[in-house]
Amino acid sequence: TGVATSSDPFGADLTGLSARTVTGQGGSLSVTASKLLITDQGLVTSATSGNGDAGGVWLNVGTLLAEGNSQITSNSADTATGDAGSVTIQGLASLAESVTVTDSAILTQADGTGAGGSISIEANRITLNEATVSASVHNVPVGGNSAEG
């Protein structure tokens, strides 16, 4: 069992980041735990605001509880040309036993010119209470032809 701690009164966050001046990839995050609690505005994220892609977020868990305005995300900021990463939640050997998200969010979002990511949750039981699960792209291509179809 592992515990992330911080002297910050708001708790510990897990972050992989590729900044605007960096051309490399953002860090991917992989967490393996029999029980993972993300509470009180906790943040598990991989992001890019530069040319590199945001890394993915992989949570290999028996049970997951996210609550209290916490977020699990992979994002590509509006200044980024890199892609948003994907968020994957799965079990330790097969399906996760349970994933519960209360007053919290699981997101992947592309605001720059990069592509969006995907969200995959593989669990025996998924419970969403006032939760947001969203994969979105808010970027607008510059120039070029519009897609038809």
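As the structure is a computational prediction, the values presented were derived from the model and not from experiment. (Residues numbered from 1 in each chain as written. Predicted model: local features only at pLDDT ≥ 70, side-chain atom pairs only at ≥ 80, totals over all residues. Heavy atoms only, no water.)

### Regarding the overall build of the chain
When helices and strands are counted, the chain shows 0 helices and 11 strands. Going from N to C terminus, the chain has its helices and strands arranged as β-β-β-β-β-β-β-β-β-β-β. Accessible area for the chain stands at about 8,100 Å²; split by element, carbon and sulfur atoms hold 48% of it. (Helix = DSSP H or I, 4+ residues; strand = E, 2+ residues; numbered from the N terminus. Areas by Shrake-Rupley, 256 points an atom, 1.4 Å probe, with all protein chains shown as cover.)

### Notes on a negative patch on the surface
On the surface, a cluster of negative charge is contributed by D40, E67, D103 and E130. Looking at where E67 falls in the secondary structure, it is placed in strand β4 (residues 57–67). By relative accessible area, E67 is classed as partly exposed at 31%. (Patch = residues over 30% accessible without salt bridge, like charges linked within 9 Å, V, L, I, M, F, W, Y side chains within 5 Å. Salt bridge = Lys/Arg side-chain N within 4 Å of Asp/Glu carboxyl O. Lys, Arg positive; Asp, Glu negative; His and termini not counted. Charge placed at Lys NZ, Arg CZ, Asp CG, Glu CD. Buried < 20%, exposed > 50% of the residue type's maximum accessible area, 1.4 Å probe, protein only.)

### Describing the pairing of strand β6 (residues 87–90)
Where β4 lies against β6, 4 bridges are found, and the strand directions are parallel. Looking at β6, one finds that L59 is bridged to I89. (Pairing = 2+ DSSP bridges.)

### Description of the environment of S34
Assignment of secondary structure puts S34 in strand β2 (residues 29–38). Along the sequence, S34 and N60 sit 26 residues apart, while their C-alpha atoms lie 8.1 Å from each other. When residues no more than four places from it in sequence are discounted, the contact partners of S34 are V61, G62, T63 and L92. (Contact = heavy atoms within 4.5 Å.)

### Regarding the confidence of the model for the chain
Fine structural detail should not be taken from predicted coordinates in areas where pLDDT scores are low. Overall, the prediction assigns the chain a mean pLDDT of 79, with 75% of residues at 70 or greater. Across residues 1–12, where pLDDT falls below 50, the model places 6 contacts with residues more than four positions away in sequence or in other chains. Note on residues 15–22: pLDDT under 50 across the span, and 26 contacts to partners over four residues away in sequence or across chains. (pLDDT = per-residue confidence, 0-100.)

### Overview of unusual backbone geometry
Residues other than glycine seldom take positive phi values, yet D40 does so here, at roughly 50°. Within the secondary structure layout, D40 lies in the loop between β2 and β3 (43–48). Notably, D103 is not glycine yet its phi reads approximately 50°, a positive angle. Residue placement: D103 occurs in the loop between β7 (96–102) and β8 (105–110).

### Focus on the nonpolar core
Among the nonpolar cores identified, the biggest contains 18 residues, and L59, L64, I72 and I89 are the most heavily contacted of them. Secondary structure elements with two or more residues in this core: β2, β4, β6 and β7. In terms of residues, this core owes the most to one element, β4, which gives 5 residues. (Core = buried A, V, L, I, M, F, W, Y, C linked by side-chain atoms within 4.5 Å.)

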